[in-house]
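Inside the fold
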Amino acid sequence: MLNLHRQHVHDILVGAPLIAAFLNLSTKSKAAKAYRFLEGFNREVMVPMGSVLKTRKHNYIKGKSRAAKKYHFGKHQQEIDNLLLEPITDVVFIKNGATPTKSELKRVENESLSTPEFVNKLYPLPEEAIFIKNYLNTQHPNFFTRLIKSKIDTAREMVKFLDLTEHAKKMQISILDSVEKHPMPHYQQSFHGKSVRLYCGSSIAGLTREMRRFFLADCPEGDLKCAQLAIGSVLFDYPKIYEFLSEPQNEGDIWRQIIPSWVEPENFDFVKDHVKEGTYSTQYTMARGAVYHILVDRLKPRFGMYSEMLASQIMESWVFQEMFDCVDKFVARLNNGLEVYDAFGRIYRVSETLNAGALMACVAQSYETKILYPAFKYVDCKSKITKRDEVRIVLFQFDGFNISVRDSRRVEFYKKEISKEVERGIDDCKANLAKKIPIRFEWKESKEKETKNKIKETIIPLLVPCPLCKSA
C-alpha cells in the first residue's frame, strides 16, 4: 500500500489491482472491490489499534485511484516510519509473502512493462516519440549498473542532508531503493496515452536535482530554457511574454521579471523553482486562488511570515497577469469547440476524457518532443556509423537530457553538434506555427561544478576524524 505513485503528498493509493492482489482474486471479482476490503481492514486492523483509515473517492474517468487521506497505525506508526527509511533487502509477493525466484521476478517485470501496451491509448505515440522510446529502452544497462553500484551508498547518506521535509526524504530513499534494484530507466507513455511524454517511473529522473547531478556529474546536462512558457507564448498567445523571450539581450531570463528584487541571491533559485511551478499551474488553468496558496505553502519553509507577501508580489507581476488573462480567453475558445493541432498534426478537442487544462498541456508537451527529436536521431546515427557509442543520451527528462561522451576531449564538439540539431528542431516547429518559438537550448556546465562542490561539503563532514584520536 505504501507505494511511490501518490496523487497527494501524504496519500496512500488503494486501487482495485492492489486489493485484488491482496486477496489473490481477479480484479473483476466483486469481492475485490476496494470499499469492501477497506471496511474489513478498518474493522479487523485499524480499530483494534485505536485508529481508522479514511479515503478519498475514486474517479475512473479522470484516472484517480481511491486514496487514503488520513491514517495512523497506532503503536506501529514509528516502526513503519523507521522501516520506510531502511534499504529494501528482499522482495516478496503481496498475496502470500513468498520470495520469488529469479525467473518469477523476470516474468513479473516483463508483464508490468508490457501491460500498458494493451490499453487503448487516447492518442498513440507518433513515430518520433516511438523512436525516442526505443532508443532509450535499448541502451546497454552496464552504464547504469556501474554508476549506481559506485554511488548508491553515498547517495543514501546525502539524503539526510538535503533541504527537504522528512516525508520527501523518505520518498528519495524509496526511489534509491528502486534504482538499486533496477538501475536502468524504462520509458513508456502514460497509461491512458493523452500526451506524447515518456515517463520512467521510480528512476534517477525522479530524484531531486542535487541527487540527479550527483549520479550524473560527468554527464553534461542540456535543456530547453523556459520551455513550457516559451511554447505557451506562441500556442496560447502571450504577446508581451513572447516579445520578451524573443529579445536576444534578455537571454530568456524572465524569472527576474517575476521575482521581487529584495529576494537574496542565495534564495533566488529556491524561489525560481516554485515560481516555475506556479507558471505551469497557471498555464494549465489552475485558479488564481489555488496558485497563490500553492506558492505560499512552498515558500513558507524559507520565508515564514513573509511568504504571503512574496507570493502576492509574484502574482502581481506582469507575467502572471498576462498569463491569467490569455489562458482564460483560450479556455473559453476551447469550450466553444475550438480544435487544436499538436506538433505531429493530431487533432485535440475538449471532451469528457480530456479537459481544457490537460489538452493544453498535451499540445505544449508535443512541441518539446518534436524540438528534441533531431538530437536523438543524431546520436543514434553516430552510433551506427562508428559501430560504438561515441556519444549517447543516457537520461531524458521531458525538456532536456544528459549525454555521455566516450572521449572526454570531444565533449565540447558533441555539445555544439547536438545544440545545432535542437535548433533544427525549433525551426521545424516554425513550419507548424508560422512563427518561431522563442526558446533556447542551454548546457549547464557551471551547475555541474557547483553540484560537485556541494557534494564535497556534504560528504567531507562525515569523514572528519575524532579530534581525540590522532590515528583516526
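Preceding block: the structure.
These lines cover the structure that appears in this document, whether it is placed above or below. The structure presented is a predicted model; accordingly, all values stated were derived computationally and were not measured. (Residues numbered from 1 in each chain as written. Predicted model: local features only at pLDDT ≥ 70, side-chain atom pairs only at ≥ 80, totals over all residues. Heavy atoms only, no water.)

1. Thoughts on the overall build of the protein chain
How we decide: Going along the chain from the N terminus, every DSSP run of H or I of four or more residues is numbered as a helix, and every run of E of two or more is numbered as a strand. Here, two residues are considered to be in contact whenever any of their heavy atoms come within 4.5 Å of each other. Per-residue and other accessible areas follow the Shrake-Rupley method at a 1.4 Å probe size, with only the shown protein chains counted as cover for residues.
Across its full length, the protein chain carries 17 helices and 11 strands. A sequence separation of at least 24 residues applies to 67% of the contacts in the protein chain between residues at least 6 apart. Only carbon and sulfur atoms are counted for the fraction: they give 53% of the accessible area of the protein chain, which is about 25800 Å².

2. Some points on the packing of aromatic side chains
Given two aromatic rings, one states the distance between the centres and the angle between the planes to describe the pair. Using the following cut-off: The pairing test for Phe, Tyr and Trp rings, Trp by its six-membered ring, is centres within 6.5 Å, and the orientation test on the planes gives stacked under 30 degrees, edge-to-face over 60, and tilted for anything in between. Three exposure classes are used, based on accessible area relative to the maximum for each residue type with a 1.4 Å probe and protein chains only: buried under 20%, partly exposed in between, and exposed over 50%. Working rule: Lys NZ or Arg CZ, within 6 Å of ring centre, within 35 degrees of ring normal, means a charge sits over the ring.
As enumerated under the stated definition, the model contains 17 aromatic pairs in all. Their ring planes at 40° and their centres at 5.6 Å tell us that F401 and F441 sit as a pair that is tilted. Here F401, found in strand β10 (residues 400-405), pairs with F441, found in strand β11 (residues 440-443); they are 40 residues apart in sequence, far enough to count as distant. Residue F401 is classed as buried on the basis of its relative accessible area, which comes to 0%. Counting every residue linked through ring pairs, the aromatic cluster contains Y135, F376, F396, F401, F441 and W443. Above the face of the F270 ring, R302 is positioned so that its terminal group lies 4.1 Å from the ring centre. A cation over an aromatic ring shows up here: K435 above the ring of Y242, its NZ or CZ 4.2 Å from the ring centre.

3. Brief notes about the pattern of salt bridges
Applied cut-off: When a carboxyl oxygen of Asp or Glu is within 4 Å of a side-chain nitrogen of Lys or Arg, the pair counts as a salt bridge.
Counted under the stated rule, the structure contains 25 salt bridges. Between R302 and D163 there is a salt bridge, and its shortest N-O distance comes to 2.9 Å. Taken together, the residues R302 in helix α12 (residues 288-303) and D163 in the loop between α6 (142-159) and α7 (166-181) connect sequence positions 139 residues apart. We classify R302 as partly exposed; its relative accessible area is 34%. Ionic pairing is found between K436 and E423, a salt bridge with its closest N-O pair at 2.8 Å.

4. Notes on helix α16 (residues 411-433)
Helical geometry note: an α-helix holds 3.6 residues per turn, so side chains three or four residues apart project in the same direction. Test applied: The span you would expect from a helix comes to 1.5 Å times its residue count less one.
Look at α16: 33 Å from first C-alpha to last across 23 residues, which is about the 33 Å you get at 1.5 Å a residue. Residues V411, Y414, K415, E417, I418, E421, V422, G425, I426, C429 and L433 constitute the buried set of α16.

5. Side note on the sheet that holds strand β6 (residues 221-225)
Rules: Here, any two strands with at least 2 DSSP bridges between them count as paired. Axes here refer to lines fitted to C-alpha atoms; in helices the fit is confined to the stretch in contact. Angles between the N-to-C directions go from 0 to 180 degrees.
Taking strand neighbours across the sheet as the criterion, the 4 strands line up as β9-β10-β6-β11 in an open arrangement whose pairing is antiparallel. Of all strands in the sheet, those with a lone pairing partner are β9 (391-396) and β11, marking the two edges. The mean inter-strand angle of the sheet, taken between neighbouring strand axes irrespective of direction, is 30°. Relative to β10, β6 runs antiparallel, the two sharing 3 bridges. The residue of β10 that forms the bridge with E221 is N402.

6. Focus on a nonpolar patch on the surface
To be explicit about the condition: To count toward a patch, a residue needs a relative accessible area over 30% and no salt bridge; like charges are then connected within 9 Å, while nonpolar side chains (Val, Leu, Ile, Met, Phe, Trp, Tyr) are connected within 5 Å.
A cluster of nonpolar side chains, namely W262, M305, Y306 and M309, defines an oily patch on the protein surface of about 470 Å² accessible area. The residue M309 is located in helix α13 (residues 307-315) in this model.

7. What to know about the nonpolar core
As a reminder of what qualifies: Here, nonpolar core means buried Ala, Val, Leu, Ile, Met, Phe, Trp, Tyr and Cys residues that are tied together by side-chain atoms lying within 4.5 Å of each other.
I204, F215, V271, F401, I418 and I437 are the most contacted members of the largest nonpolar core, which has 110 residues in total. Among all residues touching I204, those that are not within four sequence positions of it are F144, L147, I148, V179, R212, F215, L216 and L395. Of all hydrophobic cores here, the second largest spans 11 residues; its members include I19, F37, L53 and F73.

8. So, the side chain of S366
Summarising the element assignment, S366 is placed in helix α15 (residues 356-386). Note on S366: relative accessible area 0%, which makes it buried. Those residues in contact with S366 that lie beyond four places of it in its chain are V196, D342, A343 and F344.

9. Side note on the side chain of Q397
Of note, Q397 is situated in the loop between β9 and β10. The buried category is assigned to Q397, whose relative accessible area is 16%. Those residues in contact with Q397 that sit more than four places away from it in its chain are R212, E221 and N402.

10. Examining helix α9 (residues 227-235)
In terms of burial, α9 is largely enclosed, as 9 of its 9 residues are buried. Three or more residues of α9 are buried, namely A227, Q228, L229, A230, I231, G232, S233, V234 and L235. Immediately downstream of α9, the backbone of D237 shows phi near 65°, a positive value.

11. As for the packing of helix α11 (residues 265-283) against helix α14 (residues 318-335)
We apply this condition: Relative orientations are named as follows: roughly parallel for angles under 35 degrees, roughly antiparallel for angles over 145 degrees, roughly perpendicular for angles from 65 to 115 degrees, and oblique for any other angle. In a left-handed crossing the near helix is turned counterclockwise from the far helix by less than a right angle, and in a right-handed crossing that turn is clockwise.
Two numbers describe how α11 lies on α14: the axes approach to 9 Å, and their chain directions differ by 20°. Compared by their axis directions, α11 and α14 come out roughly parallel. With respect to the hand of their crossing, α11 and α14 are arranged in right-handed fashion. Each of V275, G278, T279, T282 and Q283 in α11 lies in contact with α14, whose residues at this interface are F320, M323, F324 and V327.

12. Concerning the pairing of β9
Counting buried residues along β9, 6 of its 6 residues qualify, which places the element largely inside the surrounding structure. Where β9 and β10 come together, 5 bridges link them in antiparallel fashion. Opposite V391, over in β10, you have V405 as the bridge partner. The loop that links β9 with its antiparallel partner β10 comprises 3 residues; one of these, F398, has a positive phi angle of about 70°.

13. A word on unusual backbone geometry
With glycine set apart, most residues show a phi of negative sign, and most peptide bonds adopt trans. One non-glycine residue with positive phi stands out, namely E251, at about 55°. Relative to the helices and strands, E251 resides in the loop between α10 (239-246) and α11. Unlike most non-glycine residues, F398 shows phi in positive territory, near 70°. Mapped onto the elements, F398 comes out in the loop between β9 and β10. Given the relative accessible area of 26%, F398 is considered partly exposed.

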